[in-house]
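# What the coordinates show
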Amino acid sequence: MTTMNNRAAWIEGPSAQCETRPEPALVPWRLILLGAPGVGKGTQAELLHRRLRACHLSTGDVFRAAGTGADCNQSPAMKEALGYMRRGELVPDTTVWAMVRERKSCLKCSGGFILDGFPRTLTQAESLKELMDAEGLKLSAVVNYSLPFKEIVTRLGGRRTCEKCKAVYHITERPPKEEGQCDHCLGKLFQREDDRPESIKVRLETYERSTSPLIEFYRNQGVLVEVAAVGTPDDIFEDTFTQLEAKRVREVAYKVSAAQADRCE
Ligand code: AP5
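Residues numbered from 1 in each chain as written. Predicted model: local features only at pLDDT ≥ 70, side-chain atom pairs only at ≥ 80, totals over all residues. Heavy atoms only, no water.

## Brief notes about the overall build of the protein
Across its full length, the protein carries eleven helices and eight strands. Counting only C-alpha atoms and orienting by the principal axes, one finds that the protein spans roughly 65 × 40 × 40 Å. Counting every position in the protein, which comprises 265 residues, the buried fraction comes to 49%. Expressed as a percentage of contacts within the protein between residues at least 6 apart in sequence, the contacts between residues at least 24 apart total 71%. Measuring between centres, the 38 positive side-chain charges of the protein sit 2 Å from its 37 negative side-chain charges. (Helix = DSSP H or I, 4+ residues; strand = E, 2+ residues; numbered from the N terminus. Buried < 20%, exposed > 50% of the residue type's maximum accessible area, 1.4 Å probe, protein only. Contact = heavy atoms within 4.5 Å. Lys, Arg positive; Asp, Glu negative; His and termini not counted. Charge placed at Lys NZ, Arg CZ, Asp CG, Glu CD.)

Take a look at the structure:
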């Protein structure tokens, strides 16, 4: 069984303590995963976490965890957010940003982060940039995953998620060893409420309208890495990892040559 960070500070909020903390990295990976619902961001975030150690921070996981708590513990903003989620619509920017800002210690974590499902609008991306600039944090890369619509619908229809550690499976493509049970923590697997056909349609339309403009936003900042999300999760992971490493090597080489040029002047 693999020991994974339970991400308590992210899932429950800053008053909770993570069970295990990632080893501080010399140069932490700070990544954003972009792509339509069901493209495989959560699956790749988990694989990237295992290799890079950076924490998987999913905004959807935070909302779902709040939704499983007692009704009386949910703030009016959270109740409203869960309604948007069930219909497949985006939660309003102000609610999402309040939730992320409250968890900014996770963004500053010396182990790095892999943001999944955030930012999702230009307003969210700009707020994140402002916060990261103010904290002196630099994005390593933004990975954009793409996949044809038909394949996405198949992936969402067969998805199952662990109610405890949130690991993601697919009933045919990525089944657990034991049906209905998580391989990592033995938690029970469930089907997400927003994976119904009518919500899937709304989610995909919302993605096109509100989130796809972020591809250009990050391309203009020179941080975009494009990955075709076809093949097995391991193939896609290897492609992602190879591109991320190559990007990092290019940046280090550039810094070294700039420093050498400075010394020669
Ligand atoms: P969120 O939880 O972020 O969901 P999402 O973006 O819709 O993405 P998914 O989790 O559905 O898909 P994924 O790309 O992670 O795919 P996965 O790896 O699971 O958000 C949910 C809702 O919360 C939103 O609709 C919104 O209401 C709200 N929300 C959250 N953040 C917000 C924000 N910032 N602003 C506003 N609202 C926000 O894979 C899917 C399936 O495919 C799995 O079964 C998997 O096993 C399988 N699979 C993965 N890879 C492969 C492969 N290579 N081959 C075959 N099968 C595969």
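On we go.
## What to know about the packing of aromatic side chains
Per the counting criterion, the structure on display carries three aromatic pairs. Sitting over the ring of Trp29, Arg248 keeps its end group 3.7 Å from the ring centre. (Phe/Tyr/Trp six-rings, centres within 6.5 Å; stacked < 30°, edge-to-face > 60°. Lys NZ or Arg CZ within 6 Å of the ring centre and 35° of its normal.)

## Some details on the nonpolar core
Counting residues in hydrophobic clusters, the biggest one holds 65 residues, and the most contacted among them are Leu48, Phe63, Leu107, Leu115, Tyr145, Tyr218 and Leu244. In contact with Leu244, other than residues within four places in its own chain, are Trp29, Leu31, Leu48, Leu52, Ala141, Val143 and Val225. (Core = buried A, V, L, I, M, F, W, Y, C linked by side-chain atoms within 4.5 Å.)

## Digging into the site of the ligand
As a structural note, the neighbourhood of the ligand is formed by 35 residues, with Thr43, Glu89, Arg120, Arg159 and Arg203 the closest of them. Within the side chain of Thr43, one N or O atom sits 2.6 Å away from an oxygen atom of the ligand. Only α2 (41-52), α3 (59-68), α8 (149-157), β6 (168-170) and α11 (233-264) provide two or more residues apiece to the shell around the ligand. When its residues are assigned to classes, the shell around the ligand shows 14 nonpolar, eleven polar and ten charged. (Near = heavy atom within 4 Å. Polar contact = N/O pair within 3.5 Å; in protein donor to acceptor, adjacent residues only side chain to side chain. Nonpolar A, V, L, I, M, F, W, Y, C, P; charged D, E, K, R; others polar.)

## Some points on the sheet that holds strand β5 (residues 159-162)
With antiparallel pairing, three strands are arranged side by side in an open sheet as β6-β5-β7. Looking along the sheet, the strands with just one partner apiece sit at the ends: β6 and β7 (189-190). Docked against the sheet, α8 engages β5 and β6, running at close to 45° with respect to β5. (Pairing = 2+ DSSP bridges. Axes fitted to C-alpha atoms, helices over the stretch in contact; angles between N-to-C directions.)

## A closer look at the pattern of salt bridges
Two side chains with opposite charge may pair up if their charged atoms get near one another. One pass over the structure, following the stated rule, counts 20 salt bridges. We note a salt bridge from Arg219 to Glu216, for which the minimum N-O separation is 2.6 Å. One end of the pair, Arg219, and the other, Glu216, are both in helix α10 (residues 213-220), three residues apart, so they sit about a helical turn from each other. Overlapping salt bridges bring together Arg159, Arg192, Asp194, Asp195 and Arg203 as one network. (Salt bridge = Lys/Arg side-chain N within 4 Å of Asp/Glu carboxyl O.)

## Regarding α10
Within α10, the full set of buried residues consists of Leu214, Ile215, Phe217 and Tyr218. Buried residues in α10, looked at end-on, bunch into an arc of 165°, giving them a common side. On the buried face of α10, the contacting elements are β1 (30-34), α7 (122-135), β4 (141-146), α9 (197-211) and β8 (224-228). Gly222, located one to two residues past α10, shows a positive phi value of around 75°. (Arc of directions from axis to C-beta.)

## Digging into the sheet that holds β4
The strand order across the open sheet built from five strands is β2-β3-β1-β4-β8, with neighbouring strands paired in parallel fashion. Every interior strand has two partners, whereas the edge strands, β2 (55-58) and β8, have only one. Across this sheet, the average inter-strand angle for adjacent strands is 20°, counted without regard to direction. Note: β1 against β4, four bridges, orientation parallel.

## Points about the packing of α8 against α9
Two numbers describe how α8 lies on α9: the axes approach to 11 Å, and their chain directions differ by 135°. Classed by the angle they form, the pair α8 and α9 counts as oblique. Along this stretch, α8 crosses α9, giving a crossing that reads as right-handed. Residues Phe149, Ile152, Val153 and Leu156 of α8 lie in contact with α9, whose contacting residues are Ile200, Arg203 and Leu204. For the contact of α8 with α9, a count of residues per class yields six nonpolar, no polar and one charged. (Parallel < 35°, antiparallel > 145°, perpendicular 65-115°, else oblique. Left-handed = near helix turned anticlockwise from the far one by under 90°.)

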